[in-house]
Amino acid sequence: MIDISVNGIKKSFEIGNNILDGITFQVETGERVGLLGRNGAGKSTLFRILTGELEPDEGEVVIPRGRRLGLISQIPVFPVGYTVEDVLNTAFSRHQKLAAEMETLAAAMAAGACAGFVTAFLQTKLGVPSILAGIVTNTGLYTVNLMVMGWSSNVSLLKDDTIFSLFRTTGIGGKWYETVLAGGVTILMAVLLVLFLGTRLGLSIRATGDNRDMVRASSVNPTFTITVGLCIANALTALSGGMVGQYQRTADINGGTGIVVIGLACLIIGETVLGRRSILKGAIAVIVGSIIYRLIYAIVLYTKVVPVECLKLVTAIIVGLAIAAPTLRSWVAFQKKKAMAGKGE
């Protein structure tokens, strides 16, 4: 396999004096190549062209997708105390940054789980109704989020590396790298959630949602199952928020406003289309419902059926119809049966 292909490279810094004149060569996978030449022969210029730092006057450099070249300066300046190993590790800076962003998302999930624990504590230990417990926690998190964002309601990430920009450098997915990464994370989380809900603890959590008294009678502590369930749910919510913030390259304090209702609408749309007879089908229904919801939203925007200023109203209508879909479907089925009965008479 060819790792580097150079074809007819020409480069000059003075008219009529080409420092590189028709350079052509290939470097195969596994080859070790040395470049020798007198001072001023163009060695550094060639390296800078290979890495994209300089543009050639003529010719082209072809690097396979997923490959990335690194160049150490001829006269490098490093911090005091840097070792040879430290210098060599700079070649993996992109991978290290990607790992750091993944650790950031993991920290966000941990913070979300803590929020879930607070909600569960209010609900199970202090007797606060479940809906109010969520509202109280969410109200407190507003200040916590402001604190994390440096007391600013909006933080720009345009000048920072994100997990999406770092994933792009791997070459995976090509122009669809954002879809590949977001879809991959979504599918992975869905699979892990389905597997977890099939375990003994997962079954206990599901049973608690159906009948808490029955779970207690089965010698299972519902307080524990509620706490675990809320921690997992809030951890996944935090992961979603972190991914969206990095995708949009901005974080806004009001970015999650109304997302609970929209999420419910996506769930109902998916269940209306696919039904829900198993946990696996339920997980797939959530993903399908989200895609359908966003597709409807995009069609409304693209066709300009309504002005942009009316998007909030459109969102409310779509969400309302989605939530009312099961009732409307039952009403239509009842009317059909009623009509059929009338014809029979």
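As a reminder, the structure under discussion sits directly above these lines.
Residues numbered from 1 in each chain as written. Predicted model: local features only at pLDDT ≥ 70, side-chain atom pairs only at ≥ 80, totals over all residues. Heavy atoms only, no water.

Undergrad: Now, about the layout of surface pockets: what can you tell me, with residues and values included?
TA: In this model, the second largest pocket occupies a volume close to 1200 Å³. The wall of the second largest pocket is formed by 33 residues, among which I4, R68, L69, G70 and L71 lie closest to the centre. With four residues, helix 3 (residues 93-124) is the single largest residue contributor to the lining of the second largest pocket. A breakdown of the residues in the lining of the second largest pocket according to their chemical character gives 18 nonpolar, nine polar and six charged. (1 Å grid on protein atoms, 1.4 Å probe; cavity = no way out; pocket = protein on both sides within 12 Å on 5 of 7 lines; lining within 4 Å. Points joined across faces, edges and corners; volume = space filled by probe spheres on them. Helix = DSSP H or I, 4+ residues; strand = E, 2+ residues; numbered from the N terminus. Nonpolar A, V, L, I, M, F, W, Y, C, P; charged D, E, K, R; others polar.)

Undergrad: Residue-level account of unusual backbone geometry, with values.
TA: Positive phi values are uncommon outside glycine, yet S219 reaches one of about 65 degrees. The residue S219 is located in the loop between helix 8 (212-217) and helix 9 (222-248) in this model. Its identity as a non-glycine residue notwithstanding, R249 has a phi of 60 degrees, on the positive side. Relative to the assigned elements, R249 resides in the loop between helix 9 and strand 5 (250-252).

Undergrad: Before we move on, can you summarise the packing of helix 3 against helix 9 with the specific residues and values?
TA: In helix packing, the relevant descriptors are the interaxial angle and the interaxial distance, both defined with respect to the helix axes. Where helix 3 contacts helix 9, the axes come no closer than 6 Å and their chain directions differ by 140 degrees. The interaxial crossing formed by helix 3 with helix 9 has right-handed handedness. A per-class count over the contact of helix 3 with helix 9 returns 15 nonpolar, ten polar and one charged. (Axes fitted to C-alpha atoms, helices over the stretch in contact; angles between N-to-C directions. Left-handed = near helix turned anticlockwise from the far one by under 90°.)

Undergrad: Requested: an account of the packing of aromatic side chains, with residues and values cited.
TA: What the rule picks out here adds up to one aromatic pair. Centre to centre, the rings of F164 and Y247 are 5.6 Å apart; their planes meet at 65 degrees, and the pair counts as edge-to-face. Residue F164 is located in helix 5 (residues 163-168), and its partner Y247 is located in helix 9; the two are separated by 83 residues in the primary sequence. A relative accessible area of 45% places Y247 in the partly exposed class. (Phe/Tyr/Trp six-rings, centres within 6.5 Å; stacked < 30°, edge-to-face > 60°. Buried < 20%, exposed > 50% of the residue type's maximum accessible area, 1.4 Å probe, protein only.)

Undergrad: An account of the pairing of strand 1 (residues 2-14) is requested, with residue identities and associated values reported.
TA: One ladder, built from nine bridges, connects strand 1 with strand 2 (residues 17-28); its direction is antiparallel. Following the sheet pairing, I9 is matched in strand 2 by I23. What sits between the antiparallel neighbours strand 1 and strand 2 is a turn of two residues, in which G16 has the positive phi angle 85 degrees. Bridge count between strand 1 and strand 3 (residues 58-62): four bridges; the pairing is antiparallel. In the sheet register, N7 faces strand 3, and the bridge partner there is E60. (Pairing = 2+ DSSP bridges.)

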